[in-house]
Every structure is written in C-alpha cells, then in structure tokens.
Amino acid sequence: MLVIMPLEDQIPTIGGRSVIWLLFLAWLGYILVFRLPYLLASARSPVFPRGLYLSHHRLCVETFHPHPDFMVIARLAQ
C-alpha cells in the first residue's frame, strides 16, 4: 500500500473507489476474519478507551474552534 499510495492519481478507479481504498478494505477484512481475537484484546486494553476519549474530546473542541484543523486530530487518532 505504501508503494502504491503516491501513484494513486495515476491508477484508474475500480467501481468508483480508488485502489488504495480497496486495499484498505481487504486489509480490514483480513483483520476481522483472521485476527479478530487480537483486535478484541487490544480494544479491552485500559489504554484504548482513554485514547478514544482523548480523540473524541479533541474532535469536539476543534469543531467549536473558529479555525478548525482536523489533520492534527487525524494524525493523533492514527
């Protein structure tokens, strides 16, 4: 995916979706089918709800800010 990402504008879309979107969808499917116990274990970790709360709190604060910049929140959420 990292190799294809800079070339995303040159690769034609498939069904109205970019190739990167389709690759991420396939990756999500793989995780949900084969790695679901690990995903659930990380969601039950004590750090996960705190990180989710922090991302939600920052999103709410940035929404009511006069000059919102959601790219910072997207990077922190990742």
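Remember, it's a predicted structure, so these values are computed and weren't measured experimentally. (Residues numbered from 1 in each chain as written. Predicted model: local features only at pLDDT ≥ 70, side-chain atom pairs only at ≥ 80, totals over all residues. Heavy atoms only, no water.)

> Looking at this structure, I do not really get the overall build of the protein chain. What am I missing?
In terms of regular secondary structure, the protein chain is built from four helices and zero strands. Its helices and strands in sequence order give the protein chain the pattern α-α-α-α, from N to C terminus. The globule rule puts the C-alpha radius of gyration for 78 residues at 12 Å, and the 17 Å found for the protein chain is more than 25% above it. Projected onto its principal axes, the C-alpha positions of the protein chain cover 40 × 40 × 20 Å. (Helix = DSSP H or I, 4+ residues; strand = E, 2+ residues; numbered from the N terminus. Rg over C-alpha atoms; globule rule 2.2 N^0.38 Å.)

> What is the right way to look at the side chain of E62 in this model?
Along the chain, E62 turns up in helix α3 (residues 47–63). No salt bridge is formed by the buried E62, whose closest oppositely charged neighbour, R58, lies at an N-O distance of 6.7 Å. Excluding residues within four positions of it along the chain, E62 makes contact with H67, P68, D69, F70 and I73. (Buried < 20%, exposed > 50% of the residue type's maximum accessible area, 1.4 Å probe, protein only. Lys, Arg positive; Asp, Glu negative; His and termini not counted. Salt bridge = Lys/Arg side-chain N within 4 Å of Asp/Glu carboxyl O. Contact = heavy atoms within 4.5 Å.)

> Which parts of the structure should I look at to understand the packing of aromatic side chains?
Both the distance between ring centres and the angle between the ring planes are used here to describe each pair of aromatic rings. Taken as a whole, this structure holds two aromatic pairs when the rule is applied. With a centroid separation of 6.0 Å and an interplanar angle of 50°, the aromatic rings of F24 and W27 are classed as tilted. Here W27 and F24 lie together in helix α1 (residues 19–34), a separation of three residues that amounts to about one turn. Between Y30 and F34, the ring centres sit 5.3 Å apart and the planes meet at 45°, which makes this aromatic pair tilted. (Phe/Tyr/Trp six-rings, centres within 6.5 Å; stacked < 30°, edge-to-face > 60°.)

> How should the confidence of the model for the protein chain be read in this particular structure?
Regions with low pLDDT should not have their predicted coordinates read in detail. When pLDDT is averaged along the protein chain, the result is 82; 95% of the residues meet or exceed 70. Mean pLDDT across the elements of the protein chain ranges from a minimum in helix α4 (residues 70–77), with 73, to a maximum in helix α2 (residues 36–43), with 91. (pLDDT = per-residue confidence, 0-100.)

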